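Analysis of the macromolecular model
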Amino acid sequence: MFTKELFNQSSELKNKWEDEVRKSVTKHADQKEKWTTVSDLGIKRIYGPEDIKSMDFEKDMGYPGQFPFLRGNQSTGYRGKYWTFRMFSGMGTAVETNQRWHYLLSTGQTGLSTAFDFPTLMGYDTDSPKARGECGKCGVAIDTIEDFRDLIQGIPLDKISTSMTINPPATILWAMYCASAEMQGIPLTKISGTIQNDILKEFIAQKTLMCPPEASVKLISDTIEFGTKYVPKWNTVSISGYHIREAGSTAVQELAFTLRDGIEYVEDVIKRKGLHVDQFASRLSFFFNSHIDFFEEIAKMRAARRMWAKIMRDRFGAKDPRSCWMRFHTQTAGCSLTAQQPYNNVVRTVTEALAAVLGGTQSLHTNSLDEVLSLPSEHAVQIALRTQQIIAEETGVANTIDPLAGSYFVESLTNEMEEKAWEYIHKIDAMGGMIAAIEKGYPQMEISDAAYKFQQQIDAKEKVMIGVNKYVEQNEKVDIPILTIDESVEAQQLKRLAEVKRKRDSRKVNECLRDLTSACKKGDNVMPYCIEAVKHYATVQEICDVYREVYGEYRDPGIF
Amino acid sequence: MSTMKIRILLAKPGLDGHDRGAKVLARSFRDAGFEVIYTGCHQSPEQIASIAIQEDVDVVGLSCLSGAHRYLFPEVAKLLKEREAEDIIVIGGGIIPEQDMPALYEAGLKGIFTPGTTLDSIVAWVHANVTPRA
């Protein structure tokens, strides 16, 4: 990127500066011996032209909207449209969550994002013995389409996009969405949103699991195929690094494992469904974590865009530029927040949200200050949402596109992030792919190592968490309102489910479940059968039991 | 000091899959010289009580972040008591609001560790409160 002449001039100046540094450090020694990012990448005292000398402007950087999309997918950045303000919410019953949604829309949120409770996430109904104590606790409880209709009451499905954080039962919740839209007279071509539907990261990190990896990936290919044919505006998967990072990975691991999971899905759809990559790739979306190390996060997001573009073009032969776009949502890092001095979390979230915006995210959830203690209260959510609005409309950081481009440090860190992530991807390729790597426990162990190392660094005060290992307040009393989900939610939900089961046509439900079973056995796409089943009030668990029966059940091996 | 090793069962009751804390602790306990058994995620209170008894552990450490600790933790303590294994010490951790703690102690838990607790302090607590059985 620089001429030889400029380099010579710059290295002369650098030598002079280094002489001065040598003198200065005798007076003021560096505060610590080793300077690293939060993920332990080494950081030099200064970065200069020599750190990005191998970069080729056209090939490695370019302009926004140009391959390799380092600087963004769209040529106009945020000037045409801000990122989507999409707060994640869900608690208690569908009716309560619907109220929270309407509140958020009234305060300026521009997209919806659903948190389901654990029984729903794992494919159990509220009346399962496994669900005891969990109903509505950290998300909304959905058993049948009756609950789902309450959830979307008054939400114009053709105007507001809705993201659903759902994995093993993704086919079912999406079927409920499609069926509800049809019942409202809205064609499937008009609805838009995202199902998370990324199962591989569940084996690696978050452990909401149902069937073994291979069958789980098949279900995802079904959704991608169905979406490609009938629901063209829907993002059929959100390939997620967020949970990988929360489980303790480094930024590089988050980047590498997420992209490698994405490769696995693309390969499966091409092989199993015979689609061409350009038919479906533009509806794949991603989800990253924005952690507290400002520049590391920006570099990670910029690298992610460039890497995915190369993967799509070079590995899968994509021709359509939209196939090469990495479109991603970001959430600020829950695991960076502290129960101690919880108001400090506002500051952390601002920093992380700013990194996400400078990294070019298309959609953002900002965590509430109380999320390390409970589900967010309405007041805490409002501060979190206002954080995004202030960043967008007051700070000016969205005025120009990719403002950090060309920064010696940011470009160098972006390159380093990419290089290290490729090493992981090549290693997993050599193992035979992500499913094979998961079966070996490889990504799980890498993340465990990183999580343990990080905790030891915190305990040893090598890394600082304010309020936890530095500036600790003795006998601190945390005095913020905590939202609790009343135990009566479970009783209410049980009653409701029993009523639905009593009123529905059981013969019809059984017939639908039989049809679904035979579709699973034949390897047919399950989506049309799911839509039919949910319309007749089949429950989430009844459908998941079919999957468990046909494909088998996966048990977490507890690798540590 | 006894030369017997402390045997500890780390368990994830219920449907919560956030296992970072449990796994970090498992390593920490192993490095501290304990014998560690980890159940993996999604264990029912019955399964946890049975493993604890079969494996003859000294301590059961429960980890939960979903909010279901109010039901799940007392249930494990209750089942151990019903099976005359109340000498097994039960401790818990995760996202546990302070107002829930009295009920958990009353249900028989002996220690509760929440975010920000150092690994060393938990190991020290176990050393101070648990005597490995011969």
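First things first, this report covers the structure right here in the doc. All values reported here derive from a predicted model rather than from experimental measurement.

On the surface, Met1(A), Phe57(A) and Tyr63(A) cluster together into a nonpolar patch covering about 280 Å² of accessible area. Its location among the elements puts Phe57(A) in helix α2 (residues 57-61).

Residue and element names in this part refer to chain A. Residues Phe-67 and Pro-68 are joined by a peptide bond in cis, for which omega reads 5°. If you trace the backbone, Pro-68 turns up in the loop between α2 and β1 (84-85). Positive phi, close to 65°, is recorded for Lys-207, a residue that is not glycine. The phi dihedral of Asn-475 is positive, around 50°, even though this residue is not glycine. Position of Asn-475 relative to the elements: it lies in the loop between α18 (442-459) and α19 (488-503). Among the residues examined, Asn-475 registers a relative accessible area of 76% and is labelled exposed.

Attention now goes to the packing of helix α1 (residues 20-31) of chain B against helix α5 (residues 119-129) of chain B. The relative placement of two packed helices is expressed as an angle between their axes plus a distance between the axes. Residue and element names in this part refer to chain B. Two numbers describe how α1 lies on α5: the axes approach to 10 Å, and their chain directions differ by 60°. The angle between α1 and α5 falls in the class oblique. Of the two possible hands of crossing, α1 and α5 adopt the one that is right-handed. On the side of α1, the interface is formed by Val-24, Leu-25, Ser-28 and Phe-29, while α5 contributes Leu-119, Ile-122, Val-123 and Val-126. Residue composition of the contact of α1 with α5, by class: 7 nonpolar, 1 polar and no charged.

This next bit is on helix α21 (residues 527-535) of chain A. Residue and element names in this part refer to chain A. If you check which residues of α21 are buried, you get Met-527, Cys-530, Ile-531, Ala-533 and Val-534. Relative to the axis of α21, the buried residues are bounded by an arc of 165° and lie together on one face. Those residues of α21 that are buried are in contact with α5 (145-151), α6 (170-183), α8 (213-230), α20 (506-522) and α22 (540-551). One or two residues past the end of α21 sits Tyr-537, with phi positive at roughly 70°.

All names here are of chain A. On strand β4 (residues 162-165), burial covers both faces: Thr-162 and Met-164 on one face and Ser-163 and Thr-165 on the other are all buried. As paired elements, strand β3 (residues 112-115) and β4 share 4 bridges and run parallel to each other. Counterpart to Ala-115 in the pairing with β4 is Thr-165. In terms of strand pairing, β4 meets strand β5 (residues 193-195) through 3 bridges, oriented parallel. Bridge assignment links Thr-162 to a residue of β5, and that residue is Gly-193.

With that out of the way, let us pick up the sheet that holds strand β7 (residues 237-240) of chain A. Each strand in a sheet pairs with another by means of backbone hydrogen bonds, the pair being arranged parallel or else antiparallel. Residue and element names in this part refer to chain A. Taken together, the 5 strands give an open sheet; going across it, the order is β1-β10-β9-β8-β7, and neighbouring strands pair in parallel fashion. The open sheet is flanked by β1 and β7, the only strands paired with a single partner. Where helix α14 (residues 344-358) meets the sheet, it contacts β8 (284-290), β9 (328-332) and β10 (363-365), and its direction lies at approximately 165° from that of β9.

Further remarks concern the packing of aromatic side chains. All names here are of chain A. By the definition in use, this model includes 25 aromatic pairs over all chains. Between the aromatic rings of Phe-148 and Tyr-177, the centroid separation amounts to 5.9 Å while the plane-to-plane angle is 75°, which identifies the pairing as edge-to-face. Separated by 29 residues along the polypeptide, Phe-148 in helix α5 and Tyr-177 in helix α6 bring together distant segments of the chain. With a relative accessible area of 1%, Phe-148 lands in the buried category.

Reading the values: the criteria
Residues numbered from 1 in each chain as written. Chains lettered and ligands numbered in written order. Predicted model: local features only at pLDDT ≥ 70, side-chain atom pairs only at ≥ 80, totals over all residues. Heavy atoms only, no water. Patch = residues over 30% accessible without salt bridge, like charges linked within 9 Å, V, L, I, M, F, W, Y side chains within 5 Å. Areas by Shrake-Rupley, 256 points an atom, 1.4 Å probe, with all protein chains shown as cover. Salt bridge = Lys/Arg side-chain N within 4 Å of Asp/Glu carboxyl O. Helix = DSSP H or I, 4+ residues; strand = E, 2+ residues; numbered from the N terminus. Buried < 20%, exposed > 50% of the residue type's maximum accessible area, 1.4 Å probe, protein only. Axes fitted to C-alpha atoms, helices over the stretch in contact; angles between N-to-C directions. Parallel < 35°, antiparallel > 145°, perpendicular 65-115°, else oblique. Left-handed = near helix turned anticlockwise from the far one by under 90°. Contact = heavy atoms within 4.5 Å. Nonpolar A, V, L, I, M, F, W, Y, C, P; charged D, E, K, R; others polar. Arc of directions from axis to C-beta. Pairing = 2+ DSSP bridges. Phe/Tyr/Trp six-rings, centres within 6.5 Å; stacked < 30°, edge-to-face > 60°.

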